[in-house]
Amino acid sequence: MSTVAVLGASPKNTRHSNQAVQMLLDHGHEVIPVNPLEKEICGQKVYPDLRTIRDLQIDTLTVYLSPERLAPLTYDIVKLEPARIIMNPGTEDAAIIQDFKRWGLVVVTACTLEMLRTGQF
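Just so we're clear, the structure is a prediction, and the values are computed from it rather than from any experiment. (Residues numbered from 1 in each chain as written. Predicted model: local features only at pLDDT ≥ 70, side-chain atom pairs only at ≥ 80, totals over all residues. Heavy atoms only, no water.)

## Brief notes about helix α1 (residues 16-26)
No. 1: Here α1 has its buried residues at Ser17, Asn18, Ala20, Val21, Met23 and Leu24.
No. 2: Positive phi appears at Gly28, one or two residues downstream of α1, with a value of about 90°. (Buried < 20%, exposed > 50% of the residue type's maximum accessible area, 1.4 Å probe, protein only. Helix = DSSP H or I, 4+ residues; strand = E, 2+ residues; numbered from the N terminus.)

## Description of the environment of Val6
No. 1: Looking at the element boundaries, Val6 is found in strand β1 (residues 3-7).
No. 2: In this structure Val6 comes out as buried when scored by relative accessible area, which is 0%.
No. 3: Between the C-alpha atom of Val6 and that of Gly43, which follows or precedes it by 37 residues, the distance is 14 Å.
No. 4: Each residue touching Val6, except ones within four places of it in the same chain, is listed here: Ser17, Val21, Leu24, Val31, Ile32, Pro33, Val34, Thr62 and Tyr64. (Contact = heavy atoms within 4.5 Å.)

## Regarding the packing of aromatic side chains
No. 1: In total, this model carries zero aromatic pairs according to the counting rule given.
No. 2: Of note, Arg84 hangs over the ring of Phe121, and the distance from its end group to the ring centre comes to 4.5 Å. (Phe/Tyr/Trp six-rings, centres within 6.5 Å; stacked < 30°, edge-to-face > 60°. Lys NZ or Arg CZ within 6 Å of the ring centre and 35° of its normal.)

## As for the sheet that holds strand β2 (residues 30-34)
The strands making up a sheet associate through backbone hydrogen bonding, with each pair oriented either parallel or antiparallel.
No. 1: One open sheet holds the five strands; their spatial order is β2-β1-β5-β6-β7, and the pairing between them is parallel. Both edges of this open sheet fall to β2 and β7 (107-109), since each of them pairs with a single strand only. Across the sheet, the mean angle from the axis of one strand to that of its neighbour is 20°, orientation sign disregarded.
No. 2: Where β1 and strand β5 (residues 60-63) come together, four bridges link them in parallel fashion. (Pairing = 2+ DSSP bridges. Axes fitted to C-alpha atoms, helices over the stretch in contact; angles between N-to-C directions.)

## A look at the pattern of salt bridges
No. 1: Taken as a whole and assessed by the stated rule, the structure comprises four salt bridges.
No. 2: As a salt-bridge pair, Asp99 and Arg102 come within 2.6 Å of each other at their nearest N and O atoms. Taken together, the residues span about one helical turn, with Asp99 and Arg102 both in helix α4 (residues 94-102) at a distance of three residues.
No. 3: Judged by its relative accessible area of 61%, Arg102 is exposed.
No. 4: For Glu114, the salt bridge goes to Arg117, with nearest N and O atoms at 2.7 Å. Here the residue Glu114 and the residue Arg117 both occupy positions in helix α5 (residues 112-117), the gap between them amounting to three residues, near one helical turn.
No. 5: If you follow the salt bridges from partner to partner, you end up with Arg51, Arg54 and Asp76 in one network. (Salt bridge = Lys/Arg side-chain N within 4 Å of Asp/Glu carboxyl O.)

In short, geometric facts, not functional conclusions.
Structure below.
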């Protein structure tokens, strides 16, 4: 399958980002949770920031951060060079999406959970 970084992964199973980590694992993907405050989520090692995964080949970066929290990370995301970025509901920001596209990154505005449920991931 593919390697998916979950930016804003949560240890709380009621959060969509946690459900995404679990569902991605259930679908056979390699999952890299990113959260500066956690050590493990859904049995996976958590990375504190995007710089710590820069040497990994990331097929998809799925975003679960508000635009305010995401904006300062734009440069780190561009340097990560993911093959695709999924902007989940509540994360979308036209200016940030335009920046990603200007750098040649593929951006999808969709729900990772729904994409997995419907075979569109």
